[in-house]
Amino acid sequence: IEGGIQKLVFTGGVETGKRVAAACGANLVPCVIELGGKAPLLACSDCDVERTARAIVYGGFVNSGQVCISVERVYAHETIHDKLVDRVKTLTEEIRQGDPTTEDVDVGAIIFGKQIEIATNHIADAVKKGARIVTGGKRRPGPGMFFEPTVLANCDHSMTVMKEEIFGPIVPIQKVSSEDEAVRLANDSHLGLNAYVFTKDREKGKRLAERIEAGSVVVNDV
(Lines give C-alpha, C1' and ligand atoms only; values in the text may rest on other atoms or scores of the structure.)
Protein backbone atom coordinates (compact mmCIF):
# COMPACT_ATOMS: atom_id res chain seq x y z
CA ILE A 1 0.00 0.00 0.00
CA GLU A 2 2.94 2.33 0.63
CA GLY A 3 3.85 1.85 -3.01
CA GLY A 4 1.17 4.31 -4.07
CA ILE A 5 -1.60 2.09 -5.42
CA GLN A 6 -4.94 3.75 -6.16
CA LYS A 7 -7.24 0.88 -5.22
CA LEU A 8 -6.97 -2.64 -3.85
CA VAL A 9 -9.16 -5.69 -4.53
CA PHE A 10 -8.66 -8.63 -2.16
CA THR A 11 -10.14 -12.13 -2.09
CA GLY A 12 -9.40 -14.32 0.92
CA GLY A 13 -10.22 -15.14 4.53
CA VAL A 14 -12.00 -12.91 7.03
CA GLU A 15 -9.10 -12.38 9.43
CA THR A 16 -6.65 -11.51 6.65
CA GLY A 17 -9.29 -9.27 5.07
CA LYS A 18 -9.60 -7.29 8.30
CA ARG A 19 -5.87 -6.58 8.27
CA VAL A 20 -5.92 -5.62 4.59
CA ALA A 21 -8.89 -3.28 5.11
CA ALA A 22 -7.22 -1.68 8.15
CA ALA A 23 -4.03 -1.03 6.18
CA CYS A 24 -6.05 0.47 3.33
CA GLY A 25 -7.99 2.68 5.74
CA ALA A 26 -4.81 3.95 7.39
CA ASN A 27 -3.53 5.00 3.96
CA LEU A 28 -6.89 6.24 2.56
CA VAL A 29 -6.77 3.64 -0.21
CA PRO A 30 -10.21 2.46 -1.33
CA CYS A 31 -10.59 -1.30 -1.26
CA VAL A 32 -12.99 -4.04 -2.26
CA ILE A 33 -12.75 -7.22 -0.17
CA GLU A 34 -14.50 -10.53 -0.92
CA LEU A 35 -14.08 -12.78 2.09
CA GLY A 36 -15.46 -16.01 3.53
CA GLY A 37 -18.68 -17.76 2.56
CA LYS A 38 -21.11 -20.09 4.27
CA ALA A 39 -23.56 -20.64 1.42
CA PRO A 40 -26.83 -22.26 2.52
CA LEU A 41 -28.90 -24.48 0.24
CA LEU A 42 -32.63 -24.58 0.91
CA ALA A 43 -34.24 -27.83 -0.28
CA CYS A 44 -37.98 -27.15 -0.27
CA SER A 45 -40.69 -29.79 0.11
CA ASP A 46 -41.44 -29.57 -3.62
CA CYS A 47 -37.85 -29.66 -4.88
CA ASP A 48 -36.69 -32.08 -7.56
CA VAL A 49 -34.80 -34.42 -5.23
CA GLU A 50 -32.48 -35.81 -7.92
CA ARG A 51 -31.50 -32.36 -9.20
CA THR A 52 -31.07 -31.07 -5.66
CA ALA A 53 -28.93 -34.02 -4.58
CA ARG A 54 -26.65 -33.66 -7.60
CA ALA A 55 -26.33 -29.92 -6.96
CA ILE A 56 -25.39 -30.56 -3.33
CA VAL A 57 -22.71 -33.09 -4.29
CA TYR A 58 -21.27 -30.91 -7.05
CA GLY A 59 -21.60 -27.66 -5.10
CA GLY A 60 -20.18 -29.17 -1.94
CA PHE A 61 -17.27 -31.16 -3.29
CA VAL A 62 -16.00 -29.44 -6.44
CA ASN A 63 -12.35 -28.47 -5.86
CA SER A 64 -12.62 -30.49 -2.63
CA GLY A 65 -14.92 -27.82 -1.19
CA GLN A 66 -12.23 -25.16 -1.47
CA VAL A 67 -14.50 -22.56 -3.08
CA CYS A 68 -15.90 -19.49 -1.34
CA ILE A 69 -19.39 -20.19 -2.74
CA SER A 70 -19.38 -23.93 -1.98
CA VAL A 71 -22.56 -25.45 -0.58
CA GLU A 72 -21.55 -25.21 3.09
CA ARG A 73 -24.85 -26.13 4.76
CA VAL A 74 -28.15 -27.68 3.65
CA TYR A 75 -31.61 -27.08 5.12
CA ALA A 76 -33.83 -29.92 3.94
CA HIS A 77 -37.60 -29.92 4.46
CA GLU A 78 -38.68 -32.85 6.62
CA THR A 79 -40.91 -34.30 3.89
CA ILE A 80 -38.00 -34.90 1.51
CA HIS A 81 -35.12 -34.97 4.02
CA ASP A 82 -34.55 -38.73 4.27
CA LYS A 83 -34.84 -39.34 0.53
CA LEU A 84 -32.45 -36.45 -0.16
CA VAL A 85 -29.87 -37.63 2.38
CA ASP A 86 -29.97 -41.16 0.94
CA ARG A 87 -29.44 -39.90 -2.61
CA VAL A 88 -26.64 -37.53 -1.58
CA LYS A 89 -24.96 -40.46 0.20
CA THR A 90 -25.13 -42.65 -2.90
CA LEU A 91 -23.81 -39.93 -5.21
CA THR A 92 -21.02 -38.97 -2.79
CA GLU A 93 -19.84 -42.56 -2.54
CA GLU A 94 -19.57 -42.66 -6.35
CA ILE A 95 -17.04 -39.80 -6.34
CA ARG A 96 -13.57 -40.84 -7.52
CA GLN A 97 -10.85 -39.15 -5.49
CA GLY A 98 -7.17 -39.01 -6.32
CA ASP A 99 -4.48 -37.28 -8.37
CA PRO A 100 -6.42 -34.94 -10.72
CA THR A 101 -3.67 -35.12 -13.35
CA THR A 102 -4.70 -38.73 -13.99
CA GLU A 103 -7.86 -39.83 -15.76
CA ASP A 104 -11.16 -40.70 -14.08
CA VAL A 105 -10.77 -38.49 -11.01
CA ASP A 106 -13.52 -36.19 -9.74
CA VAL A 107 -12.03 -34.69 -6.56
CA GLY A 108 -8.43 -33.87 -5.73
CA ALA A 109 -6.52 -32.92 -2.61
CA ILE A 110 -6.61 -30.23 0.07
CA ILE A 111 -4.17 -27.45 -0.79
CA PHE A 112 -3.38 -26.29 2.76
CA GLY A 113 -2.65 -28.77 5.51
CA LYS A 114 -4.36 -26.76 8.25
CA GLN A 115 -7.70 -27.24 6.46
CA ILE A 116 -7.54 -30.96 7.22
CA GLU A 117 -7.22 -30.12 10.91
CA ILE A 118 -10.15 -27.70 10.60
CA ALA A 119 -12.27 -30.35 8.84
CA THR A 120 -11.44 -32.95 11.49
CA ASN A 121 -12.34 -30.54 14.29
CA HIS A 122 -15.66 -29.62 12.65
CA ILE A 123 -16.63 -33.28 12.35
CA ALA A 124 -15.58 -34.13 15.92
CA ASP A 125 -17.58 -31.20 17.30
CA ALA A 126 -20.65 -32.14 15.25
CA VAL A 127 -20.56 -35.82 16.22
CA LYS A 128 -20.11 -34.93 19.89
CA LYS A 129 -23.26 -32.81 19.67
CA GLY A 130 -25.37 -35.48 17.96
CA ALA A 131 -24.58 -35.38 14.23
CA ARG A 132 -24.32 -38.58 12.23
CA ILE A 133 -21.59 -39.28 9.69
CA VAL A 134 -23.52 -40.45 6.62
CA THR A 135 -20.38 -41.12 4.60
CA GLY A 136 -16.70 -40.13 4.69
CA GLY A 137 -15.45 -38.35 7.78
CA LYS A 138 -11.68 -38.75 7.77
CA ARG A 139 -8.40 -38.12 6.02
CA ARG A 140 -7.56 -40.68 3.36
CA PRO A 141 -4.48 -42.80 4.16
CA GLY A 142 -1.47 -42.68 1.90
CA PRO A 143 0.48 -39.88 0.23
CA GLY A 144 -1.03 -36.46 -0.41
CA MET A 145 -3.47 -34.34 1.56
CA PHE A 146 -6.74 -36.05 0.68
CA PHE A 147 -9.86 -35.79 2.83
CA GLU A 148 -12.87 -37.99 2.11
CA PRO A 149 -15.97 -36.22 0.75
CA THR A 150 -18.11 -36.15 3.88
CA VAL A 151 -21.85 -35.85 4.49
CA LEU A 152 -23.24 -35.16 7.97
CA ALA A 153 -26.88 -35.46 9.03
CA ASN A 154 -28.77 -34.47 12.22
CA CYS A 155 -26.91 -31.16 12.23
CA ASP A 156 -27.99 -27.96 13.99
CA HIS A 157 -26.67 -24.50 14.78
CA SER A 158 -24.99 -25.56 18.01
CA MET A 159 -22.30 -27.10 15.78
CA THR A 160 -19.35 -25.20 14.32
CA VAL A 161 -19.85 -26.98 10.99
CA MET A 162 -23.12 -25.05 10.53
CA LYS A 163 -21.79 -21.67 11.69
CA GLU A 164 -18.14 -21.35 10.63
CA GLU A 165 -16.62 -21.58 7.17
CA ILE A 166 -15.46 -25.11 6.33
CA PHE A 167 -13.52 -24.61 3.08
CA GLY A 168 -13.23 -28.35 2.67
CA PRO A 169 -15.22 -31.38 1.46
CA ILE A 170 -17.93 -31.51 4.14
CA VAL A 171 -21.66 -31.01 3.60
CA PRO A 172 -23.73 -30.77 6.81
CA ILE A 173 -27.50 -31.28 6.52
CA GLN A 174 -30.17 -30.02 8.92
CA LYS A 175 -33.82 -31.09 8.84
CA VAL A 176 -36.36 -28.24 8.96
CA SER A 177 -40.13 -28.23 9.30
CA SER A 178 -40.88 -25.18 7.13
CA GLU A 179 -39.44 -22.81 4.56
CA ASP A 180 -39.67 -19.99 7.11
CA GLU A 181 -37.40 -21.97 9.43
CA ALA A 182 -34.97 -22.57 6.57
CA VAL A 183 -34.82 -18.86 5.72
CA ARG A 184 -34.31 -17.91 9.38
CA LEU A 185 -31.43 -20.36 9.72
CA ALA A 186 -29.92 -19.34 6.39
CA ASN A 187 -29.81 -15.76 7.65
CA ASP A 188 -28.25 -16.78 10.97
CA SER A 189 -24.74 -16.13 9.67
CA HIS A 190 -22.22 -13.31 9.36
CA LEU A 191 -21.00 -14.73 6.01
CA GLY A 192 -23.69 -13.68 3.52
CA LEU A 193 -21.90 -14.31 0.24
CA ASN A 194 -24.08 -16.74 -1.75
CA ALA A 195 -27.14 -18.96 -1.31
CA TYR A 196 -29.21 -21.54 -3.21
CA VAL A 197 -32.92 -22.39 -3.29
CA PHE A 198 -34.40 -25.55 -4.82
CA THR A 199 -38.13 -25.72 -5.61
CA LYS A 200 -40.26 -26.64 -8.62
CA ASP A 201 -42.22 -23.40 -8.12
CA ARG A 202 -40.07 -20.70 -9.75
CA GLU A 203 -42.09 -17.82 -8.29
CA LYS A 204 -41.79 -19.26 -4.79
CA GLY A 205 -38.07 -19.71 -5.40
CA LYS A 206 -37.77 -16.06 -6.27
CA ARG A 207 -39.76 -15.00 -3.19
CA LEU A 208 -37.57 -17.10 -0.92
CA ALA A 209 -34.40 -15.83 -2.60
CA GLU A 210 -35.43 -12.24 -1.90
CA ARG A 211 -35.69 -13.04 1.83
CA ILE A 212 -32.20 -14.49 2.11
CA GLU A 213 -29.46 -12.09 3.15
CA ALA A 214 -26.74 -12.91 0.60
CA GLY A 215 -24.84 -11.17 -2.15
CA SER A 216 -26.49 -13.43 -4.72
CA VAL A 217 -29.00 -16.27 -4.63
CA VAL A 218 -29.37 -18.94 -7.32
CA VAL A 219 -32.62 -20.87 -7.83
CA ASN A 220 -32.42 -24.54 -8.87
CA ASP A 221 -28.71 -24.48 -9.64
CA VAL A 222 -25.33 -23.97 -7.98
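Preceding this section is the structure that the text describes.
It should be emphasised that the depicted structure is a prediction, and the values quoted were computed from it without experimental measurement. (Residues numbered from 1 in each chain as written. Predicted model: local features only at pLDDT ≥ 70, side-chain atom pairs only at ≥ 80, totals over all residues. Heavy atoms only, no water.)

Visitor: I tried to follow the packing of helix α6 (residues 179–186) against helix α7 (residues 202–211) on my own but got confused; where do I start?
Guide: Packed helices, taken two at a time, are described by the angle between their axes plus the distance between the axes. Direction vectors running N to C along α6 and α7 enclose 35°, while the axes themselves pass 10 Å from each other. As for the relative orientation of α6 and α7, their crossing is right-handed in sense. Here Glu 179, Asp 180 and Val 183 of α6 come into contact with α7, specifically with Lys 204, Leu 208 and Arg 211. Partitioned by chemical class, the residues of the contact of α6 with α7 number 2 nonpolar, no polar and 4 charged. (Axes fitted to C-alpha atoms, helices over the stretch in contact; angles between N-to-C directions. Helix = DSSP H or I, 4+ residues; strand = E, 2+ residues; numbered from the N terminus. Left-handed = near helix turned anticlockwise from the far one by under 90°. Contact = heavy atoms within 4.5 Å. Nonpolar A, V, L, I, M, F, W, Y, C, P; charged D, E, K, R; others polar.)

Visitor: What should I look at first to understand the layout of surface pockets in this one?
Guide: One water molecule sets the probe size; rolling that probe over the atoms shows where empty space is left. In this structure, the largest pocket encloses a volume near 640 Å³. Looking at the largest pocket, it is lined by 24 residues, and the ones nearest its centre are Gly 13, Val 14, Gln 115, Ile 118 and Glu 165. Only α1 (14–26) and α4 (113–128) provide two or more residues apiece to the lining of the largest pocket. There is about 170 Å³ of room inside the second largest pocket. As for the second largest pocket, its lining consists of Arg 54, Val 57, Tyr 58, Phe 61, Val 62, Leu 91, Glu 94, Ile 95, Asp 106 and Val 107. Sorting elements by how many residues they give to the lining of the second largest pocket places helix α2 (residues 49–61) first, with 4 residues. In the lining of the second largest pocket, the residues fall into 7 nonpolar, no polar and 3 charged. (1 Å grid on protein atoms, 1.4 Å probe; cavity = no way out; pocket = protein on both sides within 12 Å on 5 of 7 lines; lining within 4 Å. Points joined across faces, edges and corners; volume = space filled by probe spheres on them.)

Visitor: Sorry if this is basic, but what is going on with the pairing of strand β4 (residues 73–77) here?
Guide: Regular strands show a simple pattern: their side chains alternate between the two faces of the sheet. For β4, the buried fraction is high: 5 of the 5 residues fall into the buried class. Here strand β3 (residues 40–43) pairs with β4 via 4 bridges, running parallel. Paired with Pro 40 across the bridge in β4 is Arg 73. In this region the chain leaves β3, passes through α2 and returns to the parallel neighbour β4; the handedness of that crossover is right-handed. Both β4 and strand β7 (residues 170–176) contribute to a ladder of 4 bridges, which runs parallel. The residue of β7 that forms the bridge with Tyr 75 is Gln 174. (Buried < 20%, exposed > 50% of the residue type's maximum accessible area, 1.4 Å probe, protein only. Pairing = 2+ DSSP bridges. Right-handed = clockwise from strand over helix to strand, strands pointing away.)

Visitor: Just checking my understanding: could you explain the nonpolar core for this structure?
Guide: Across soluble globular proteins, nonpolar side chains have a tendency to be buried as a group. Leu 41, Val 74 and Leu 84 are the most contacted members of the largest nonpolar core, which totals 27 residues. Broken down by secondary-structure element, the contributors of at least two residues to this core are β3, α2, β4, α3 (81–93), β6 (150–153), β7 and β8 (194–198). If one sorts the elements of this core by residue count, α2 sits on top with 6 residues. Within the second largest apolar cluster, 26 residues are counted, among which are Ala 119, Met 159, Ile 166 and Val 197. (Core = buried A, V, L, I, M, F, W, Y, C linked by side-chain atoms within 4.5 Å.)

Visitor: Looking at this structure, how should I read the pattern of salt bridges?
Guide: Any two side chains of opposite charge can pair, on the condition that their charged atoms come close. Applying the stated criterion across every chain yields a total of 13 salt bridges. One salt bridge in this structure joins Arg 54 and Glu 50, with 2.6 Å as the shortest N-O distance. One end of the pair is Arg 54 and the other is Glu 50, both in helix α2 and 4 residues apart, which spans about a single turn. With its nearest N and O atoms 3.2 Å apart, the salt bridge here joins Glu 148 to Lys 138. Within this pair, whereas Glu 148 is found in the loop between β5 (132–135) and β6, its partner Lys 138 is found in the loop between β5 and β6, the two being separated by 10 residues in sequence. Since its relative accessible area comes to 16%, Glu 148 is described here as buried. Salt bridges sharing partners connect three or more residues here, namely Asp 46, Glu 179 and Lys 204. (Salt bridge = Lys/Arg side-chain N within 4 Å of Asp/Glu carboxyl O.)

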